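# An overview of the molecular structure
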Amino acid sequence: MTALSYAARDSLTMLRRNLKHAQRYPSMTASVVAMPVLMLLLFNYAFGGALGAGIGGMSGGGTGGGGSDRYIDYVAPGIILMAATSGALVTAVGICVDMTEGIVNRFRTMAISRASFLTGHVVGSVIQTLISIAFVIVIALLIGFRPDATPVEWLAVAGLLALVTLALTWVAAAIGLMAKTPESASNIPLPLQFLPFMGSAIVPTESMPDGLRWFAEYQPFTPVIETLRGLLMGTEIGNSALISLVWCAALAVGGYLWARTAYQRSARR
């Protein structure tokens, strides 16, 4: 077998290990999925009438809870992205637990690929996060979300969400390697979960004060949200798709290099 074949085989073994851990301890995954769902229900039913009325004259009176059918169409893409950012928490905590409990030192004494530990965690987390995103989309559809995307546009949505998830997972992997305790590993990624709210997830950036508006328009998640909204609802995308891809590539490469450096440094401690 070639070195690449060994690395692929060992990475697959690590992937199975991480997926089995997720099956045995589903509470972390469930808690991460619960946050976007709660936010979706909150903004649709509690705030949907008021916020919807302020966005292009949207009216209230939605699906039985005072929410707005049209506002759910606006807010759902942002909450779907939030589901992608929430997966970073699981990655950071899982890697930090392995590092602090010493299992990684045992792996390093075995004849396995050095890259397989991180690869298994990252791929496993991406799979779990995409499942969580699918669950949030189903909930959104059940409470009134009505996208008019074609199959090709749905495929583009899936591809973009996969890229965002992969990029954030590598960043989270680096955080998990650098964190000293699982508690700190669970706290550091929290800003990633709420950064979409500082973009166009809930309200248009045009409604924000100048300073906040500038931040909202140039942070990574706003172009992703606008691209998702355009693909799902047919709104104008402009150059948001290209900017989204650039941000995803930058975060993925930066996170990967950061994680690899942190993993190599931990081996020399």
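Computed from a predicted model, the values in this text were never measured in an experiment.

## Regarding the confidence of the model for the protein chain
- Confidence in the prediction of the protein chain, expressed as mean pLDDT, is 85, and 92% of residues score 70 or more.
- A low-confidence stretch, residues 59–68 stays under pLDDT 50, and its non-local contacts, those more than four residues away or across chains, total 27 contacts.

## Regarding the packing of helix 7 (residues 151–178) against helix 11 (residues 221–233)
- Interhelical geometry of helix 7 versus helix 11 gives an angle of 160° and a closest axis separation of 9 Å. If you check the angle between helix 7 and helix 11, you find them roughly antiparallel. For the pair helix 7 and helix 11, the crossing hand works out as left-handed. Note on element contacts: helix 11 touches helix 7 through Phe221, Val224, Thr227, Leu228, Leu231 and Leu232, opposite Glu153, Trp154, Ala156, Val157, Leu160, Leu161, Val164 and Leu168.
- Within the contact of helix 7 with helix 11, the residues separate by chemical class into 12 nonpolar, one polar and one charged.

## Points about the pattern of salt bridges
- One pass over the full model with this rule turns up three salt bridges.
- Salt-bridge contacts for Asp98 lead to Arg17; the nearest nitrogen and oxygen are separated by 3.0 Å. Of the two residues, Asp98 is situated in helix 4 (residues 69–101) and Arg17 in helix 1 (residues 3–24); the sequence distance between them amounts to 81 residues. Of the two residues, Asp98 and Arg17, both sit in the buried class.
- Ionic pairing is found between Glu226 and Arg229, a salt bridge with its closest N-O pair at 2.9 Å.

Conventions adopted
Residues numbered from 1 in each chain as written. Predicted model: local features only at pLDDT ≥ 70, side-chain atom pairs only at ≥ 80, totals over all residues. Heavy atoms only, no water. pLDDT = per-residue confidence, 0-100. Contact = heavy atoms within 4.5 Å. Axes fitted to C-alpha atoms, helices over the stretch in contact; angles between N-to-C directions. Helix = DSSP H or I, 4+ residues; strand = E, 2+ residues; numbered from the N terminus. Parallel < 35°, antiparallel > 145°, perpendicular 65-115°, else oblique. Left-handed = near helix turned anticlockwise from the far one by under 90°. Nonpolar A, V, L, I, M, F, W, Y, C, P; charged D, E, K, R; others polar. Salt bridge = Lys/Arg side-chain N within 4 Å of Asp/Glu carboxyl O. Buried < 20%, exposed > 50% of the residue type's maximum accessible area, 1.4 Å probe, protein only.

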